[in-house]
Every structure is written in C-alpha cells, then in structure tokens.
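# Overview (structure and organization)
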Amino acid sequence: MEDWEDRVVIAGGGPTGLMLACELGLAGVEAVVVERDPEQDEDSQGMAVHGRSLEVFKRRGLADRIREEDIWAWPRTPFAFFWLDLGDLGEQDYTYAFPQWRTERLLEERARELGVDIRRGHELVGFEQDAAGVTVETRSAEGSDRLRGAFLVGCDGADSKVRDLAGIEFESSGLAYHGVLGDVVLSDGPQPEFTTGLFQRGMFGALPLQPGELRLMTIEFGARAPDRGTPVTAEELRASIGRVTGTDPEVEGVRWLSRFGGTTRHARRYREGRVLLAGDAAHVLYISGTQGLNAGIQDAVNLGWKLAAEVQGWAPDGLLDTYHGERHPVGERICMHARAQMALMHPLDQVTPLRALVGDLLEIDAVNRFLLELPSAAGYPLPAADGTQGEPHPLLGQPLPDVPLDTGGEPDGVAAALRYGRGVLLDLSDGAADLGEAGAWAGRVDVVTAKPLRELDAAVLLVRPDGHVAYADRTGGDPKDLRRALASWFGEPPSAGTAE
Ligand SMILES: Cc1cc2nc3c(=O)[nH]c(=O)nc-3n(C[C@H](O)[C@H](O)[C@H](O)COP(=O)(O)OP(=O)(O)OC[C@H]3O[C@@H](n4cnc5c(N)ncnc54)[C@H](O)[C@@H]3O)c2cc1C
C-alpha cells in the first residue's frame, strides 16, 4: 500500500499553500500541493508584502533571491483611504511593493527544490477524513485521482472547498463591496488624467505599478458584482470609474483586468480533526490594508513546523491546537481592522466628521504607529515555562529580531540561525548558563552560542522554528525551567540511540 502516513496534502498553490509547502519540505516532510490552475501567471491582484513577511523570507534564506530592482519600500501605507506615515518605524513595519506573482514564483521555485510534489491542473473536488488520515479526491485533464495523507490543509482561497466540506462556518461581517482593476500601459505623449479619491459610492485610485504602467482600481460599496462567469472588460472598468467618480474617463492600453470583492469573513475555527485552514480560506479581508497575503504567510510558518512535528511523531500534546489558539485571535484582529476601515469610508456623507477627527488623530505619531502595527502586531501571548504569573520577559512570544550574532563563525545572525527551520537555543550567557540536557533535542533544536547582546537582555533564549521566542531567561540559571520549555514545545527528547 502507498506510504501516506508521513504525507501532508495541501489544497491550493497560492502564496499560503506554497509557503506551507516550503516549510514542510524544509522539515523533511512529504508535501503534495494540488493546484487547480495549470500555470502560474505573471499578473496578480496583490501588490505588496509587509516587512514581517520579508523577515520570514530572510529566516529561510529566500530574501537573498529577491532582486533589488524588483522591490521597493512604500513611503506610506493606506488605511481607510488615509495614509499612515511610516515615520521612524523599523523596516519590519514597512510595506514593500512586490507583486504577488513574484512571491508565488519565489515560493514555488523553492518548494520544488525542496522536493515538494506540486500538481498543477489538479482540483480538489472532495475528501473524507477518518481517525488516521484524509483521503482527497482530485480531478484533472487526465481524469479523477485519489490521494491520501495524514493531514489536509485548505489553502484554497476565499471560496475554499475544503472549508465548505469540513463544515466550518465562514462568518461574514461588514459592508459588501465590489471592485474592478485594470493594469494599463501608458503610451508616449500626454498622460491620462484621472479624478481619484473617496466618493459617496466608493473609491477610485490610479497607482503606479512599474515604469510606464498604471493600475486603475475601483471599489463600489454595496454594489452587486456581475456573475462570476462573465469576462471582465475594459468597458466594465470604465463604467465603474464613471459611477464612482461621476466622470467619463477614457481607459486605453488595458493589459490585464480582474474583479474582486465580497465582505470581510472569518472561519469560526482553523481545525476540524485532520483538516486545517490557512490564508484566505480562513480569513478574507477588505483589501486596503494590504493584509491578506501577509497573514497567509504568517499562518503558514506558524503551522508548518507544528504539522511536521505531528507527522514525525514528536509533537507534544496540544501543539497542533496552538495553531488555532495563536492565529485565530490574529485573524479576529485583522478582520476588525478591515471592518473598521470600511466603517470609516461609507457612507461618506455620514462619516465625514469622523474622518476629520481620525485625520487629526493621525497627526499624532503614537496613533500612526498603533495603526501601522495593529494588523501585523506579531507577538503571541505565550505562557512562561515556569507557570509564573509575574511580568513576562518582553521578548516572550515575540518574533526575535534579526540581530547580528558573534558566534566566531556561522551563523552570523538570528535569521541565519533559523535557516534550517529548526528551533534555536541561543546561549548568550558567556558560559554562565546551565543548559542541562538541552543537547538531547538535537535534530529539533540547534544550540547556538554567541557573545552576550545587551539589547536582548537575556542569557538564554529558546526560539521556535517560526522565529517566536518560547522561553527567555535573564540569568540562565534554571535548567529545570528550560527543560520544561523544551519539552512543552519540542516534545520529550528521543531516548539515547533512537534515530530521529
Ligand atoms: C485587488 C487586490 C489586491 C490585493 N493586494 C494585496 C496586497 O497588496 N498585499 C496583501 O497582503 N494582500 C493583498 N490582497 C489579498 C491577497 O491577494 C490574498 O490574501 C492572497 O492571495 C491569499 O493567498 P492564499 O494563498 O491564501 O489564497 P489564494 O491566493 O486565493 O490562492 C488559493 C489557490 O487555491 C487554488 N484553488 C482554489 N480552489 C481549489 C481547489 N478546489 N483545488 C485546488 N486548488 C484550488 C486557486 O487556484 C489558488 O491558486 C489583495 C487582494 C485583492 C483582491
């Protein structure tokens, strides 16, 4: 019989599914991606990634593959048609122009290098789960097929079949909207002029995409989208711009068109037995906050190592459930952020005073910063290893910044230390810490010794494979607490002589 116990099936090869595939491939877990589209496009709706996603790419050695000319920092980030000023924020809170198709290409290339089986042109049409695994039914040009794995992850986007078949409710809230976008090539000669902004019916923007190209994009509130099967046309875009702005624009040189919309929606739970959800399958947001793809990347890196631990048999009790526990509240927060933006935009005649007030508040640096950090706020409220209720170390639960490490060689920084997708036990104690039997977790946790770093204010840090700090100790004097932390995230160590 086919060997399936160590396999994870991923439905959907968008950014979330591909990131998860990379994580599983890195951990040495067999991953199969079934993706409905036969080919990857060179156009996409998404235009931007957050610094937090780039941090993830850095930790996995992927950022080095992005050419400098393909990515640039946006000086400001949109919020409900205001602009948040990046001010003195660090790079991790910037937004970078980097089209979604480039992210997908980067991830697909890496996933294939890691041996992931990506089956393009294969659509998931059904599945059944039992106590031991999940049997997935797919359809392709060659016919129907069945595929079994230990787990199935639905990364199949907003209309997720996996979510529907798993019976997971997708709660809808906030105002419905519908939008059309068109990427237009500018001709030589006089450039077109458009009336952009926020209007009573919706909004219209004309954003530079790349030299010589503009993205025209409308959003209409409370509008009904044409039937899905209807092809998008330049006339539909022109008419939508006209309805929103009250002008009669000329739209020429259209190279690519797309339609989008809906409401903000959030899955009630991210796990149903052996079936999990990530990315847009779990949460769909109003787009202006450039959130969706970024949230999907974070879902994938949170889930990847936990699934690998389950499949490889070393996961401590409850580890996989921490995926829902940690990511669902983040989903709630970003959905709230999206709904709040909608509420600040429509109906314009009623929200104008509120917008004026928010505009004034945005002059305050702390408010700017709060709104910028809120959606990508990256920490998880992780419990302290000794169960104390005292003031936790400020790094506990936070992603560890990529500070340089003086190890006398490799790795030379935090991101480099995390490149292999394993946990990292960082000994910064200058020989003072007692790490007890930490070496017994070799294969799951790498011990890295570096010179003390004043800015981290810690002697010992245990960092999960997703870069979040699971244990932080200022003195490094308690091997029992450290052992508890190691066991609670990485299971009991393999007994002597047992190969991992
Ligand atoms: C206009 C617009 C602009 C946006 N801009 C940004 C931005 O700047 N930054 C940002 O972070 N987000 C942005 N987003 C959101 C972002 O595009 C999505 O959040 C992101 O695509 C979600 O990734 P995903 O992999 O979860 O889902 P998807 O990208 O939807 O991928 C799902 C994949 O699953 C496949 N699939 C679906 N059903 C099946 C099936 N049954 N079997 C097999 N395969 C299946 C699909 O073909 C698809 O490839 C934008 C969205 C829109 C509409």
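This report concerns the structure included in the present document. (Residues numbered from 1 in each chain as written. Predicted model: local features only at pLDDT ≥ 70, side-chain atom pairs only at ≥ 80, totals over all residues. Heavy atoms only, no water.)

Excluding glycine, residues mostly carry a negative phi; peptide bonds, for their part, are mostly trans. The omega torsion of the bond from histidine 346 to proline 347 falls at -5°, within 30 degrees of zero and hence cis. Tracing the sequence through the fold places proline 347 in the loop between α7 (321-343) and α8 (348-361). The omega torsion across glutamate 410 and proline 411 is -10°, close enough to zero to call that bond cis. Turning to its location among the elements, proline 411 is positioned in the loop between α9 (365-376) and α10 (414-417). Not every positive phi belongs to a glycine, and alanine 80 is a case in point at roughly 50°. As for its position among the elements, alanine 80 is in the loop between β5 (76-79) and β6 (82-85). (Helix = DSSP H or I, 4+ residues; strand = E, 2+ residues; numbered from the N terminus.)

Our focus in this paragraph is the layout of surface pockets. Size it by volume and the second largest pocket reaches roughly 510 Å³. Forming the walls of the second largest pocket are 18 residues, and the residues nearest its centre are Gly51, Arg52, Glu55, Glu91 and Gln92. Looking at the lining of the second largest pocket, the element that brings in the most residues is helix α2 (residues 51-59), giving 5 residues. Of the residues that make up the lining of the second largest pocket, three or more belong to each of domain 1 (7-169 + 268-344) and domain 3 (398-490). (1 Å grid on protein atoms, 1.4 Å probe; cavity = no way out; pocket = protein on both sides within 12 Å on 5 of 7 lines; lining within 4 Å. Points joined across faces, edges and corners; volume = space filled by probe spheres on them. Domains from an automatic or database assignment.)

Our next topic: the sheet that holds strand β3 (residues 48-50). Read from one edge to the other, the open sheet built from 3 strands follows the order β3-β7-β4, with strand pairing classed as antiparallel. The open sheet terminates on both sides in strands that have one partner only, identified here as β3 and β4 (72-74). Averaged over all neighbouring strand pairs, the angle between strand axes comes to 40°, with direction disregarded. Pairing geometry for β3 and strand β7 (residues 95-97), over 3 bridges, is antiparallel. In the strand pairing of β7, histidine 50 is matched with threonine 95. Sheet contacts for α2: β3 and β7; angle to β3, the most-contacted strand, approximately 75°. (Pairing = 2+ DSSP bridges. Axes fitted to C-alpha atoms, helices over the stretch in contact; angles between N-to-C directions. Contact = heavy atoms within 4.5 Å.)

The next thing to look at is the pairing of strand β24 (residues 469-473). For β24, the tally of buried residues reaches 5 of 5 residues, placing the bulk of the element in the interior. Bridge analysis of strand β23 (residues 460-463) against β24 gives 4 bridges, and the strand direction is antiparallel. Note on β24: the bridge partner recorded for valine 463 is valine 469. If you look at the hairpin formed by β23 and β24, you'll find 5 residues sitting between the two strands, and glycine 467 has a positive phi there, around 90°. (Buried < 20%, exposed > 50% of the residue type's maximum accessible area, 1.4 Å probe, protein only.)

This brings us to the packing of aromatic side chains. Per the stated rule, a full pass over the model turns up 7 aromatic pairs. Where tyrosine 94 meets tyrosine 96, the ring centres are 6.1 Å apart and the plane angle is 35°; that geometry is what we call tilted. The exposure class assigned to tyrosine 94 is partly exposed, which follows from its relative accessible area of 23%. Aromatic rings pair up to connect Trp305, Trp314, Trp489 and Phe490 into one cluster. Over the ring of phenylalanine 170 we find arginine 163; its NZ or CZ atom is 3.5 Å from the centre of that ring. (Phe/Tyr/Trp six-rings, centres within 6.5 Å; stacked < 30°, edge-to-face > 60°. Lys NZ or Arg CZ within 6 Å of the ring centre and 35° of its normal.)

Turning our attention to the packing of α2 against helix α6 (residues 292-312). Relative orientation of the contacting elements α2 and α6 amounts to 35°, with a least axis distance of 9 Å. Read as a crossing pair, α2 and α6 show a hand that is left-handed. Residue-level inspection shows Arg52, Ser53, Val56 and Phe57 of α2 in contact with α6, the latter providing Asn294, Ile297, Gln298 and Val301. Looking at side-chain class alone, the contact of α2 with α6 contains 4 nonpolar, 3 polar and 1 charged residues. (Left-handed = near helix turned anticlockwise from the far one by under 90°. Nonpolar A, V, L, I, M, F, W, Y, C, P; charged D, E, K, R; others polar.)

For the ligand, the set of nearby residues contains 29 residues, the closest of which are Thr16, Glu35, Gln100, Asp280 and Asn294. Arginine 36 is positioned such that a nitrogen or oxygen atom in its backbone is 3.1 Å from a nitrogen atom of the ligand. In the model, an oxygen atom of the ligand is placed 2.9 Å from a nitrogen or oxygen of the leucine 293 main chain. Starting from 1000 Å² of accessible surface for the ligand in isolation, the protein chains cover 88%. If you list the elements that add at least two residues to the shell around the ligand, you get α1 (15-26), β2 (30-35), β9 (123-129) and α6. (Near = heavy atom within 4 Å. Polar contact = N/O pair within 3.5 Å; in protein donor to acceptor, adjacent residues only side chain to side chain. Areas by Shrake-Rupley, 256 points an atom, 1.4 Å probe, with all protein chains shown as cover.)

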